[in-house]
Amino acid sequence: MSLRFGFLIDPIESLIVGHDTSLAFMLECQRRGHEVHYFEQRELEYRDGRVVAAAKRVELQRVKGDHYRVVQEARLDLSTLDVIFLRKDPPVDVEYLHATQLLELAAGPLLVNEPAGLRDANEKLYVLRYPDLIPKTLVSRSLAELRAFLKELGGEMVIKPIDGFGGRGILHLRAGDRNLNSLLELATAGGAQAIVAQQYLPASREGDKRIVLVDGEPLGAMMRIPQDDDVRGNLAAGGRSAKSALTDREREICRRLAPDLRARGLHFVGLDVIGGFLTEVNVTSPTGVEEINAFDEIAIERLMIDFVERKIADR
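Numbering of residues starts from 1 in each chain and follows the order in which that chain's sequence is written. Local features in this predicted model are restricted to residues whose pLDDT is 70 or higher, and side-chain atom pairs enter the listing and the counts only when it is 80 or higher, whereas totals over whole chains, interfaces and linings include all residues. Side-chain metrics rest on all non-hydrogen atoms present in the structure, leaving aside hydrogens and water.

Caption draft 1: Spatial organisation of the sheet that holds strand 12 (residues 208-214). Pairing within the open sheet is antiparallel, and its 5 strands lie in the order 14-13-12-15-16. The two strands at the open ends of the sheet, each matched to only one other strand, are strand 14 (240-243) and strand 16 (277-282). Adjacent strand axes in the sheet meet at a mean angle of 30°, parallel and antiparallel pairs treated alike. As judged from the 4 bridges shared by strand 13 (residues 217-225) and strand 14, these two strands associate in the antiparallel manner. In the sheet register, methionine 223 faces strand 14, and the bridge partner there is alanine 242. Where helix 7 (residues 289-296) meets the sheet, its contacts fall on strand 12, strand 13, strand 14 and strand 15 (268-274), and the angle it forms with strand 13 comes to roughly 95°. One bridge is not enough; two strands pair if DSSP finds at least two bridges between them. We count a stretch as a helix when DSSP gives it H or I for four or more residues in a row; a strand needs E for two or more, and each element gets its number in order from the N terminus. Every axis in this analysis is a line fitted to C-alpha atoms, fitted for helices over the stretch in contact. Angles between the N-to-C directions lie between 0 and 180 degrees. Only heavy atoms matter for contacts: two residues are in contact if any of them lie within 4.5 Å across the pair.

As structure tokens, then:
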């Protein structure tokens, strides 16, 4: 059956061939004969009971610098689509939240991921639901509490903004650093904003593992290894990817999260694990598919679209 797919993404020209998961999904849809449309968050509108967007139907190819061609432009009633992938990159700001509320009104399409799930599963805070799976963690804006937590941890911890992404704002703090108070003041905007503080995990020097799940099932993983002079393994921050397999502990983490991810309609998710501890659950626009495919000689995008087609058929 031929389906109509819509992709809410950042500007299509910014997608990188061989890296961006959104592009891999779009190419797979095209390979199967489905229509592929894309639109940006700023193009969403509501009028007279309809949610519309200035969408573009595209043809795609795996050619760097020439990966798409617009074949049609139109104001598209989103309820006429069969599937909408919500893959706008963070930040999850007020505009993003408003976009999820509008998309819920587009009755009909399968939404991947579900807007309510995207709102509920903050990528830094969702893990707090599983305290036995995560490193010792404090969420606070109190400089005194943060300093006391650092002491409790033995003088070493990592802090990060709640709404950060791509490794931005992650700091490795040590007791005795003369910059410590200034760094905490900067990170919390002088105590005005809460941040996440976590136990420093020495295993992070070996990398953090990105695990890709479809409908709660882990399909593959890769390590993201930081540069020698950086604490962050994020590829966007200069980390490099490496082949990896799942451990028993990581499979248990996936099993624990799977029921709730399914219940929330979080169909495509990326877990981040360091040294057997869950650190983040990525739901907005998880990446890693292209790298894992290359390491493991698989095609996760095919399994993802298989899942979507089954969901549509079951309707």
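Caption draft 2: Representation of the pattern of salt bridges in the model. Salt bridges are counted wherever a side-chain nitrogen of Lys or Arg sits within 4 Å of a carboxyl oxygen of Asp or Glu. Applying the stated rule across the entire model yields 30 salt bridges. Via salt bridges that share partners, Glu28, Arg31, Arg32, Arg302, Asp306 and Glu309 belong to a single interconnected network.

Caption draft 3: Spatial organisation of the sheet that holds strand 8 (residues 137-140). Within the open sheet, the 4 strands sit side by side as 8-11-9-10. Their pairing is antiparallel. Both outer strands of the open sheet, strand 8 and strand 10 (171-174), are each paired with one neighbouring strand and no more. Averaged over all pairs of adjacent strands, the angle between their axes in this sheet comes to 25°, without regard to strand direction. Examined bridge by bridge, strand 9 (residues 156-161) and strand 11 (residues 195-199) share 5 bridges and lie antiparallel to one another. Its bridge partner lying in strand 11, lysine 160 is registered against valine 196. The sheet contacts of helix 4 (residues 143-152) involve strand 8, strand 9, strand 10 and strand 11, and relative to strand 8 the element is tilted by about 170°. This element, helix 5 (residues 180-187), spans strand 9, strand 10 and strand 11 of the sheet and lies at about 145° to strand 10.

Caption draft 4: Looking closely at the packing of aromatic side chains. Pairs were defined over the aromatic rings of Phe, Tyr and Trp, the Trp ring being its six-membered one, requiring ring centres within 6.5 Å. Orientation was assigned from the angle between planes: stacked under 30 degrees, edge-to-face over 60, tilted for the rest. This model, assessed by the stated rule, comprises 6 aromatic pairs. Relative to phenylalanine 7, the ring of phenylalanine 5 lies with its centre 6.4 Å away and its plane at 20°, an arrangement referred to as stacked. Relative accessibility decides the category of a residue: with a 1.4 Å probe and only protein chains considered, values under 20% of the type maximum give buried, values over 50% give exposed, and everything between is partly exposed. A relative accessible area of 0% means that phenylalanine 5 is categorised as buried. Since its relative accessible area comes to 0%, phenylalanine 7 is described here as buried. Note on tyrosine 126 and tyrosine 130: the rings are 6.0 Å apart at their centroids and 55° apart in plane angle, and the pair reads as tilted.

Caption draft 5: Up close: the environment of alanine 106. Along the polypeptide, alanine 106 turns up in the loop between helix 2 (94-103) and strand 7 (110-112). Relative accessible area serves as the criterion here: at 4%, alanine 106 is assigned to the buried category. For the pair alanine 106 and aspartate 208, spaced 102 residues apart in the sequence, the C-alpha separation amounts to 37 Å. Every residue in contact with alanine 106, bar those within four places of it in the chain, is listed here: Val51, Leu78 and Ser79.

Caption draft 6: Just the pairing of strand 12, in detail. Taken across its 7 residues, strand 12 has 7 buried, putting it largely inside the fold. Side chains Asp208, Arg210, Val212 and Val214 of strand 12 all project onto a buried face; the interleaved residues Lys209, Ile211 and Leu213 project onto the opposite face, where all are buried too. Where strand 12 meets strand 13, 7 bridges bridge the pair, whose relative direction is antiparallel. The residue bridging isoleucine 211 from the neighbouring strand is alanine 221, located in strand 13. In this antiparallel pair of consecutive strands, strand 12 and strand 13, the connection spans 2 residues, and aspartate 215 shows a positive phi of 55°. Note: strand 12 against strand 15, 6 bridges, orientation antiparallel. By the bridge assignment for strand 15, valine 212 is matched with glycine 270.

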